[in-house]
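Architecture and fold: a report
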Amino acid sequence: MREVKCVEESASVGEARQLDLEQQYVSRAYHRLDELRASSDRELRRVRTTQFGGGHQARSERDAFATYYEDRLAQLNSVDERLVFGRLDTTDGDRHYVGRLGLATEDHERLVLDWRAREAGAFYQATAASPMDLVRRRHLIMDSRDVTALEDDVFDPSGVADTDVVHGEGALIAALNSERTGRMTDIVATIQAEQDRIIRAPLSGVRVVQGGPGTGKTAVALHRAAFLLYEHRERLAKSGVLIVGPSASFLWYIERVLPALGETGVVMSSLADLYPGVHGTVETDPWVARWKSGLHMVDVIARAVADRQKVPEKGQWLDVDGHRVKLSRSLVSRARERARATGKPHNEARETFVKVVVKELAQTLGEELNEKSGSSMDRSYLREDLRQSREVRVALNLLWLPLTPQQLVSQLFAKEHYLRSAAPDLTDEQVSRLLRPADAPLTVADVALLDEAAELLGDFESAGIKVRGDRSLEDRKAQESAQKALEAMAEGFEDIGAQGVVTVEQLTAFNAEAPHRVTAAEAASSDRTWAYGHVVVDEAQELSPMQWRVLMRRCPLKSFTVVGDIAQAGSAAASATWQEALEPFVGERFALEELTVNYRTPQPIADAAARVARAAGLTVSDPTAVRDGEPPVVVEVASGVGLTDAVVARVGEELERLAGGLVGVVCPGDLLASVAPALDRAHPGMVAAGMRSLDRRIMILTPWDAKGLEFDSVVVVEPRRIAADPAGGPGNLYVAMTRPTQRLYLVGAHGMPAGLDAAAEQPGAPGLIS
């Protein structure tokens, strides 16, 4: 017994010594990080205070330097948490530390390997069967800047002294058992081999990552984005990376991950915000959402644009300075064909249309005037007279009106004759379902139509509505103002002998507003036509064909990372298979990867969710969870009157059980107004019922807004109603049931969905509480 105690004490002393040694090294790395921060801060202040000269080029150089140091500081500040998390001991006797960012001393001694570096790959990929020349892999468990625990994976026992080996509960299990914070954190210290293989895959091509709930799809996608930005820095820094998620709440949930990995230059967008300046609302009618989402809408929008290029039923007489000239049907038809033949978008082709009409009208009017006067004078001035004529302008606009995408789409669904012309196959009932007021908000399904319309309409400014040469007109006005200012100060300049020192050009340049320098990410987020170097699509099973078309347009090189789970689809326009989703755009040229291990959901909950999904006809993979846990608890109440009380009771129980974790309440949208106030009264100040308030301990969300999120415990309200909702159905219930990391409750007054009732009668199945 005494011998065992001595061994334990020796191990404890050895672990303390190892912790102290690692703390010394980590402190050294943090010291270097602080030095680099201070240096970048000094350089930034120097750039901001140094006079680079007064010219635009000098100011541009100053802004470029300032931006560089600002970006560098942001990167150094973002990696402070758990800067170092791993150590590799090789068979050659070398030792490498792995962290969020590569660090070296001033004399180029490497302190920390960036986790994305090729040499760091062994930290994630080495196994007992394939140690990759490693003797040991050590995990450093950090709390702020302190090393709190160690975990060793020994591949060659002969190369490591027993007293130097530290055993713990495992870095992965420790991370999985930690309480949620309302924000997604990176998994850079616990990436598993199957995840790392996908993260480090080549940039080119479309890579689809299929995985059930909790398999780390989102984490893989974000870490892959960080890896690609590191591996292909020069290319992607200029073109940028776009990350697309299903909702604003999802983007808010993940937005800290990439900055924590040292990457801030990405563009994030929800499906509702893919068109700059527009936020689409929810499409309430599932049939309308499906109809607007099909690829037939390409032809519908094309016909809608063509309908705005009109030929009148009969000719029209126009008055030009007291002279009458006829705008014939044949002339308009010829001008329209000439304009269409240019192949330019609607607004840009309008210029050709106007030129042809004005030219022929001027020629006709000139011949008539010369015939009346008996002369053959040059009447080229008539073209400008025709352009300035109000009747001519009105007539041309009625025949070929320049449009914005918002105008086209809004009017398409507000005016029945436009809708019937663009979509002649619609029935009267279908037309009635599609029509809406002209000022109705644009929906998520409309966003893809806006993008399609923008392609066919082109630049609104090029339609010729603005007076040509506006820029030169502004320049002339600026020069005139500068000239007047110099004349007003001439006497004062003469008195001090400075007359002629300041010129009009210098004063104009001094007063000119310097262009704001924007980053590639900022420029890309506001430019619909920006071509990204890579696109990451999360919860990709929700995308409609028209939304895929938009994203393919955003990345002409077809470099995509697509992650999702077909079984979790809740959108009315979602595809049934990845082949169905991608075949229209890339054929079979995509690589399909699959993640098989559920890291989030305990096995009993994963099994119950799978049974419910299969009972509803969904095809789901067999979940393989890394953790066991408690089965779901079914709570059936007698009537809707006691529903909110039951929800409040379950949430209260969970708050007591969790030291500081999060409880998610997922319920149908129409119940938010009753459930949220009841919870707020019971737990004031702890409830959040908004998409950007995921920092409270109780969060109330619809199934759609819960996609991709995770909580310690989840209460699903009226699961049967969620499963029956035509807007999402069984897929949304499957999502809701797989959000918890610890416990799940299903509370309902209208019975439970199929699969759950049957499971409750089986031994060890979800408990049933009446």
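These numbers come from a predicted model, not from an experiment.

Reading the values: the criteria
Residues numbered from 1 in each chain as written. Predicted model: local features only at pLDDT ≥ 70, side-chain atom pairs only at ≥ 80, totals over all residues. Heavy atoms only, no water. Helix = DSSP H or I, 4+ residues; strand = E, 2+ residues; numbered from the N terminus. Buried < 20%, exposed > 50% of the residue type's maximum accessible area, 1.4 Å probe, protein only. Contact = heavy atoms within 4.5 Å. Areas by Shrake-Rupley, 256 points an atom, 1.4 Å probe, with all protein chains shown as cover. Polar contact = N/O pair within 3.5 Å; in protein donor to acceptor, adjacent residues only side chain to side chain. UniProt positions renumbered as here; feature names shortened; annotations may be inferred. Pairing = 2+ DSSP bridges. Axes fitted to C-alpha atoms, helices over the stretch in contact; angles between N-to-C directions. Arc of directions from axis to C-beta. Phe/Tyr/Trp six-rings, centres within 6.5 Å; stacked < 30°, edge-to-face > 60°. Lys NZ or Arg CZ within 6 Å of the ring centre and 35° of its normal.

**Description of the overall build of the chain**
Helices and strands together make up the secondary structure of the chain, namely 31 helices and 23 strands. The buried share among the 770 residues of the chain stands at 51%. For the chain, restricting intrachain contacts to residue pairs at least 6 apart in sequence, the fraction spanning at least 24 positions comes to 73%. As presented, the chain carries roughly 36100 Å² of accessible surface, and 51% of it is formed by carbon and sulfur atoms.

**With respect to the side chain of Ser269**
Within the element layout of this structure, Ser269 appears in strand S9 (residues 266-270). When its relative accessible area of 8% is taken as the criterion, Ser269 is described as buried. For Ser269, the side chain forms a polar contact with the main-chain oxygen of Asp273, separated by 3.3 Å. Residues within four places of Ser269 in sequence aside, it is in contact with Leu242, Ile243, Val244, Gly245, Leu251 and Leu274.

**Considerations on unusual backbone geometry**
Leaving glycine out, the prevailing phi sign among residues is negative, and the prevailing peptide bond configuration is trans. Here the phi dihedral of Met132 falls at roughly 55°; this positive angle occurs in a residue that is not glycine. Met132 gets classed as partly exposed once you look at its relative accessible area, which sits at 35%. Despite not being glycine, Ser144 has its phi angle at roughly 60°, a positive value. Inspection of the secondary structure puts Ser144 in the loop between strand S5 (134-143) and strand S6 (146-154).

**Focus: the UniProt feature "binding site: ATP" (unreviewed entry) in the chain**
The feature "binding site: ATP" (unreviewed entry), as annotated in UniProt, sits at Gly211, Gly212, Pro213, Gly214, Thr215, Gly216, Lys217 and Thr218 in this numbering. Locating Thr215 in the fold gives a position in the loop between strand S7 (206-211) and helix H6 (217-231). If sequence neighbours within four positions are ignored, Thr215 has contacts with Gln195, Leu595, Thr596, Val597, Asn598 and Tyr599. Among the polar contacts made by the side chain of Thr215, one reaches the main-chain carbonyl oxygen of Gly212 at a distance of 2.7 Å.

**Structural notes on the side chain of Glu542**
Residue position: Glu542 is located in the loop between strand S12 (534-537) and helix H24 (545-554). For Glu542, the side chain forms a polar contact with the side chain of Lys707, separated by 2.6 Å.

**Re the environment of Trp252**
Mapped onto the secondary structure, Trp252 falls in helix H8 (residues 248-254). Classification of Trp252 by relative accessible area gives buried; the value is 8%.

**Remarks on the sheet that holds strand S1 (residues 84-90)**
Sheet strands associate in pairs through backbone hydrogen bonding, adopting either a parallel or an antiparallel arrangement. Pairing is mixed in the open sheet, where 6 strands are placed in the order S3-S4-S2-S1-S5-S6. Each edge of the open sheet is held by one strand with a lone partner, namely strand S3 (103-104) and S6. As judged from the 2 bridges shared by strand S2 (residues 95-99) and strand S4 (residues 110-114), these two strands associate in the parallel manner. Directly across from Val98, in S4, lies its bridge partner Leu113.

**Remarks on the sheet that holds strand S14 (residues 590-595)**
Overall, parallel pairing links the 6 strands, which are arranged S9-S8-S12-S13-S7-S14 in an open sheet. The open sheet has two edge strands, S9 and S14, and neither has a second partner. For this sheet, the mean inter-axis angle between neighbouring strands, taken without regard to orientation, is 15°. The strands that H24 touches are strand S8 (241-245), S12 and strand S13 (560-564); relative to S13, the one it contacts most, it runs at about 150°.

**Comments concerning helix H11 (residues 297-306)**
Every buried residue of H11 is listed here: Met297, Val298, Val300, Ile301, Ala304 and Val305. The buried side chains of H11 occupy one side of the element, clustering within an arc of 165° when seen end-on. The inward-facing, buried residues of H11 abut helix H10 (286-293), helix H13 (346-373), helix H16 (405-412), helix H17 (416-422), helix H19 (444-457) and H24.

**Some points on the packing of aromatic side chains**
All chains considered together, the criterion is met by 7 aromatic pairs. Look at Trp115 and Tyr124: their rings are 6.5 Å apart centre to centre, the planes differ by 85°, and that puts the pair in the edge-to-face class. On the basis of relative accessible area, Trp115 is assigned to the buried category, the value being 0%. What makes Tyr124 buried here is its relative accessible area of 3%. Aromatic ring contacts, followed pair by pair, group Phe85, Trp115, Phe123 and Tyr124 into a single cluster. Between the NZ or CZ atom of Lys292 and the centre of the ring of Phe413, over which it lies, the distance is 4.4 Å. When the ring centre of Tyr418 is taken as reference, the NZ or CZ atom of Arg308 above it lies at 3.9 Å.

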